[in-house]
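Chain residues, written in single-letter form:
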Amino acid sequence: MAKALTRATSNTPTFYVGADLSYTNELEDTGVEYTVNGEKKDLFTLFSQNGANMVRLRLWHNPTWTNYSNYADVKKSAKRIKKAGMSILLDFHYSDSWTDPEKNIVPAAWASVVNDTTALADSVYNYTYKTLLDMKKSSILPAAVQIGNETNNNIMVSDNSQLLPLNVKRNVKLFNAGIKAVQDFNKAYRKNIKTVLHVALTNTDVLNWVHNVKSNAILNFDIIGVSYYPQWQFYTPAELGVLASTVYNNYGIQLLVAETGHIWTRSWDDQCHNLMSNMAPGYPQVPCPQLQKDFLIEVKNAVRNNHGYGVLAWEPGWVSSTNETLWGTGSNWENVAFFDFNNELLPHGGMDFLNDNNGLVTFTVDMTAAGESAKGYITGDFTTNGFGNWQIIPMTQVGSTRKYTFSSYLSHGQTVEYFYLSDSAWTARETVPESKRVIWNDRGYTLSAGTESDTLNDTWVNP
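Residues numbered from 1 in each chain as written. Predicted model: local features only at pLDDT ≥ 70, side-chain atom pairs only at ≥ 80, totals over all residues. Heavy atoms only, no water.

Student: Is there a simple way to explain the sheet that holds strand β15 (residues 393–394) in this structure?
Tutor: Sheets are built from strands paired through backbone hydrogen bonds, the pairs being either parallel or antiparallel. With antiparallel pairing, the 4 strands of this open sheet are ordered in space as β15-β14-β18-β19. With one partner strand each, in any of the chains shown, β15 and β19 (443–446) form the two edges of the open sheet. (Pairing = 2+ DSSP bridges. Helix = DSSP H or I, 4+ residues; strand = E, 2+ residues; numbered from the N terminus.)

Student: Explanation requested: the pattern of salt bridges in the structure shown.
Tutor: Pairing is possible between side chains that carry opposite charge, provided their charged atoms lie close to one another. Applying the stated criterion to the full structure yields 18 salt bridges. Among the ionic pairs, D442 bridges to R429, the shortest N-O distance being 3.0 Å. Within this pair, whereas D442 is found in the loop between β18 (415–421) and β19, its partner R429 is found in the loop between β18 and β19, the two being separated by 13 residues in sequence. A relative accessible area of 7% places D442 in the buried class. Look at R429 and you get partly exposed, because its relative accessible area is 26%. One salt bridge connects D458 with R443, and the closest N-O pair in it is separated by 3.5 Å. You can see D458 sitting in strand β20 (residues 453–459) and its partner R443 sitting in strand β19, a full 15 residues away along the chain. R443 sits in the buried class, given a relative accessible area of 3%. Overlapping salt bridges bring together D20, R56, R58, D91, E259 and E315 as one network. (Salt bridge = Lys/Arg side-chain N within 4 Å of Asp/Glu carboxyl O. Buried < 20%, exposed > 50% of the residue type's maximum accessible area, 1.4 Å probe, protein only.)

Student: What am I meant to see in the packing of helix α7 (residues 237–251) against helix α8 (residues 289–304) here?
Tutor: For the pair α7 and α8, the least separation of the axes is 8 Å and the interaxial angle reads 25 degrees. Accordingly, the angle class assigned to the pair α7 and α8 is roughly parallel. Our pair here, α7 against α8, has a crossing hand that is right-handed. Every residue of α8 that contacts α7 at P237, L240 and G241 is listed here: F295, E298, V299, A302 and V303. (Axes fitted to C-alpha atoms, helices over the stretch in contact; angles between N-to-C directions. Parallel < 35°, antiparallel > 145°, perpendicular 65-115°, else oblique. Left-handed = near helix turned anticlockwise from the far one by under 90°. Contact = heavy atoms within 4.5 Å.)

Student: Which parts of the structure should I look at to understand the pairing of strand β6 (residues 144–147)?
Tutor: Two faces, one strand: in a regular strand the side chains alternate between the faces of the sheet. Alternating residues of β6 divide into A144 and Q146 and V145 and I147, and every residue in both groups is buried. For strand β5 (residues 87–92) and β6, the ladder comprises 4 bridges, and the chain directions are parallel. Following the sheet pairing, L90 is matched in β6 by V145. Taken together, β5, helix α4 (residues 117–137) and β6 form a β-α-β motif whose crossover is right-handed. Judged from the 3 bridges that link them, β6 and strand β7 (residues 194–199) form a sheet pairing that is parallel. Opposite V145, over in β7, you have T195 as the bridge partner. Chirality of the crossover, the property in question, places the unit of β6, helix α5 (residues 168–189) and β7 among those that are right-handed. (Right-handed = clockwise from strand over helix to strand, strands pointing away.)

Student: I keep staring at empty space enclosed by the protein and nothing clicks. Help me out?
Tutor: A probe as big as a water molecule, rolled over the atoms, marks out the empty space that is left. In this structure the tally under the stated criterion is 2 cavities of 30 Å³ or more. T151, N152, L166, V168, N171, F175, W209, N212 and V213 together form the lining of the largest cavity. Broken down by secondary-structure element, the contributors of at least two residues to the lining of the largest cavity are α5 and α6 (203–214). Taken together, the residues that form the lining of the largest cavity break down as 5 nonpolar, 4 polar and no charged. Approximately 30 Å³ is the volume attributed to the second largest cavity. Grouping the amino acids of the lining of the second largest cavity by side-chain chemistry returns 3 nonpolar, 5 polar and no charged. (1 Å grid on protein atoms, 1.4 Å probe; cavity = no way out; pocket = protein on both sides within 12 Å on 5 of 7 lines; lining within 4 Å. Points joined across faces, edges and corners; volume = space filled by probe spheres on them. Nonpolar A, V, L, I, M, F, W, Y, C, P; charged D, E, K, R; others polar.)

Student: It is not clear to me how the packing of aromatic side chains should be interpreted in this structure. Could you clarify?
Tutor: Two descriptors summarise a pair of aromatic rings, namely the distance from one centre to the other and the angle between the planes of the rings. Here the structure, examined in full by the defined rule, presents 34 aromatic pairs. Judged by centre distance (6.0 Å) and plane angle (20 degrees), the ring pair of Y125 and Y129 falls under stacked. Taken together, the residues span about one helical turn, with Y125 and Y129 both in helix α4 at a distance of 4 residues. Taken together, the aromatic side chains of Y23, W60, W65, W98, Y229, W232, W314, W318, W327 and W333 make up a single cluster linked through ring pairs. Taking NZ or CZ as reference, R304 lies 5.8 Å from the ring centre of F15, over its face. Here the basic side chain of R429 rests over the ring of F419, its NZ or CZ set 3.8 Å away from the ring centre. (Phe/Tyr/Trp six-rings, centres within 6.5 Å; stacked < 30°, edge-to-face > 60°. Lys NZ or Arg CZ within 6 Å of the ring centre and 35° of its normal.)

Student: Sorry, what's going on with the nonpolar core here?
Tutor: For soluble globular proteins, the rule of thumb is that nonpolar side chains tend to be buried together. I224, L255 and F363 are the most contacted members of the largest nonpolar core, which has 122 residues in total. With near-sequence residues (within four places) excluded, L255 lies in contact with I223, I224, V226, L240, L243, A244, V247, V303, G308, Y309 and G310. By size, the runner-up hydrophobic cluster in this structure holds 11 residues, among which are Y16, V196, Y309 and L312. (Core = buried A, V, L, I, M, F, W, Y, C linked by side-chain atoms within 4.5 Å.)

Student: Please clarify how the packing of α6 against α7 should be interpreted in this entry.
Tutor: The relative placement of two packed helices comes down to the angle between their axes together with the axis-to-axis distance. For the pair α6 and α7, the least separation of the axes is 10 Å and the interaxial angle reads 15 degrees. Compared by their axis directions, α6 and α7 come out roughly parallel. In this structure, α6 crosses over α7, and the sense of that crossing is right-handed. Facing N203, V206, L207, V210, H211 and K214 of α6, the residues of α7 in contact are E239, L243, T246, V247 and Y251. Here the contact of α6 with α7 is composed, by residue class, of 6 nonpolar, 3 polar and 2 charged.

Distances and angles like these do not, on their own, reveal function.
Right, dumping it as structure tokens:
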């Protein structure tokens, strides 16, 4: 079982890691089975065993176009999550369908009061409180409640043409209704459910957004949730850490990465258009499970080291299947999932970010003997493309020296096979000295258990 993240003496996690797994019931109903080494696994149990301590679930008000992400479906998932020993983040969309910066339609049941903000806020309050009350009766209360989803613009509008110009005062009144419902529930039943507001903005715009709602009498909320994807948010994990520190120091609010993910391939497993294709800033343009893992660990460390609340990957179980979505049959996300195209868990991929059984290994090679025109490249079994093929990854030159480096998180106890190249072609590989040959004619390295970081100092040998 994976090593759990640090926990407080009260047995309450000091930092949450996990995923949004809202699609699980729907995918299983289409016949999806997740496997590890060919053995079928329950998805929620698998995540828990690998170190997850929170699962996010989206909730639509009355989605007549689907049988999923309604309250009955959420209750079903919530019971499975609790059984697996994890906490829940309940994501109220306050809509009958998806909400994001481009769409945020009021539930049909509340359409008659969409222009009466007081009445609409009353609906938000009653619905939020009633939902928590029912979850309490079923022993599936969430640890945190998200008041709206990616609420950059106007929320609960009758038409998406009304998303702008932004009416902060109206938004705040609706946010306050949800926050107040959670606060009143906590007081009545002696609970400590946290409140989350969620946006999908740049780091600078997140700070502006928090300032704007604070300036318009928002009630105290606990957490600012952000969506953080290389495809759409272009700031670095280091800048994410600065953001987490800033909102905490300025407002006493913790930051949660409510959604994130990284591609492991640019291939696809169906005809449903993949939404993501970009690598993270500063990452080699070589998608692979290892770099998916590296990005997510980097994000986790940036948030955790700066007073953050947690990091949740978005829908890493959304593999291709026969399920019908609004965008076609299959998945827009199979190249971001933690599973390959046979629904087998990717070895040393994104799933490993959930625990701390990893150490940062820096491969360093002195390329002096390769000549002035040579550059440093590395390949190995940890660079596999997810389909069994090694890939060549460019290394980073150290200043004006002839040394090149590549850093990556390996798992404790993991043994890797690797070698260097002087160009991005297989014919440019080095000749590994016999004294350095560990696996066949290649170099080898094992990360010892408990090692947080290590640096290898190798020297190029001409063929």
